[in-house]
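# Secondary and tertiary structure notes
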Amino acid sequence: MADTSDKARRARAWNASQLPDQRGRTAVVTGANSGIGFAAADALARAGAHVVFAVRDPARGEAAAARVPGSTEVRRLDLADLDSVRAFAKAWSGPLDLLVNNAGVMMLPEGRTKQGFETQFGTNHLGHFALTNLLLPHLTERIVTVSSELHRGGDGVIDFDNPNLRGRYTPTRAYAQSKLANLLFTLELQRRLAEAGSPVRALAAHPGYAATNLQSHAANPLMRGFMAVGNKVFAQDDRGGALPTLYAATQDLPGASYVGPGGLGGMRGAPALAGRSHAASDPGAARRLWTLSEELTGVGWGLTAPAAVRGDGGV
């Protein structure tokens with residue numbers, strides 16, 4: 001009889017100790033100075049990767065990187081400022097194996113990025129959209145974008161006529177829209193990569209309910225209180241929350257896969273393939289969002305020719 005005890009199940013569950021050897025790989029992790037970004041960067045570096053901490057505050061990034069054994073460096077990146085995104089990408093040289101689009105803001109009071117976009121949509125989606133396309137000529141293996149199960153909330157769709165939610169803003173609506181955008185971006189990105197003949201795969205992940213400092217910035221004090229209680233009662237720690245990202249970054253999964261915790265309603269547990277809302281699976285909406293994102297950021301598709309005909313072995 002098979003042993004189905006909880007102890008045996010946990011022993012078989014995938015964790016960061018099972019990361020394949022990352023020596024020789026270079027990874028960029030946005031928002032790597034704290035939370036699940038730090039946990040993912042730390043695990044990748046411990047497994048042998050050279051990890052670039054792409055962070056808004058280099059001093060905090062240096063302090064975080066100093067806690068990590070292995071090969072790391074810190075570069076400034078403010079996803080709420082497209083000039084910073086362009087500068088980061090312009091300074092990049094050489095191959096990049098893995099890009100983890102992790103950084104984000106959550107349920108803030110209404111605000112605007114430097115270029116005037118709603119802060120959550122501008123940071124969580126548009127900044128990463130621009131960064132990914134600008135770095136695509138260097139990417140060789142994988143792009144992982146961190147979404148959330150809260151992509152099912154808000155209006156449940158992208159407000160294409162008013163993506164900045166002027167006159168309609170609520171912190172939860174804006175956050176849900178930005179996380180839905182992450183999944184639609186991944187869907188269309190994978191379609192384009194496959195069409196271009198690129199070996200790079202685009203995947204998405206969500207951390208479930210992970211106790212990080214992200215929740216402490218919610219605009220509503222009642223929401224902050226609720227999350228503080230949830231962090232103590234239901235949440236897994238940031239290392240547990242990083243496992244879906246690490247799984248998506250290193251395991252042999254199909255492009256456009258969505259990975260999250262496999263237990264307790266998707267809130268915690270070992271990583272597994274996750275379901276997504278119908279709206280997050282809509283290829284028409286994904287293409288429409290891509291076109292809108294190009295118009296808003298001024299950044300277009302990052303690959304000009306299939307990898308097989310470029311002649312330089314790159315993508």
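Structural data are supplied above this passage.
Read on for an overview of the structure. (Residues numbered from 1 in each chain as written. Predicted model: local features only at pLDDT ≥ 70, side-chain atom pairs only at ≥ 80, totals over all residues. Heavy atoms only, no water.)

### A word on helix α2 (residues 35–46)
Spelled out, the test is: Numbered from the N terminus, helices here are DSSP runs of H or I no shorter than four residues, and strands are runs of E no shorter than two. By definition here, a helix of n residues has an expected span of 1.5 Å times n minus one. Buried means the residue's accessible area, taken with a 1.4 Å probe over protein chains only, is under 20% of the maximum for its type, while exposed means over 50%, and partly exposed covers the values in between.
In this model, α2 (12 residues) spans 17 Å end to end at C-alpha, consistent with the 16 Å of a helix rising 1.5 Å per residue. Where burial is concerned, most of α2 is hidden: 11 out of the 12 residues are buried. Those residues of α2 not exposed but buried are Gly35, Ile36, Gly37, Phe38, Ala39, Ala40, Ala41, Asp42, Ala43, Leu44 and Ala45. Positive backbone phi, at 110°, marks Gly48, one or two positions downstream of α2.

### Describing the pattern of salt bridges
The condition that has to hold: We count a salt bridge whenever a side-chain nitrogen from Lys or Arg sits within 4 Å of a carboxyl oxygen from Asp or Glu.
For the coordinates displayed, the defined rule picks out 16 salt bridges. The shortest N-O distance in the salt bridge between Lys114 and Asp81 comes to 3.7 Å. Of this pair, Lys114 sits in the loop between β4 (96–101) and α5 (119–135) while Asp81 sits in the loop between β3 (72–76) and α4 (82–90), and the two are 33 residues apart along the sequence. The partner of Asp252 in a salt bridge is Arg201, with the nearest N and O atoms 2.9 Å apart. Of the two residues, Asp252 sits in the loop between α8 (238–250) and β7 (258–263) while Arg201 sits in strand β6 (residues 201–205), which places them 51 residues apart along the sequence. A relative accessible area of 69% means that Asp252 is categorised as exposed. Put simply, Asp155, Asp159, Arg168 and Arg173 are held in one network by salt bridges that share partners.

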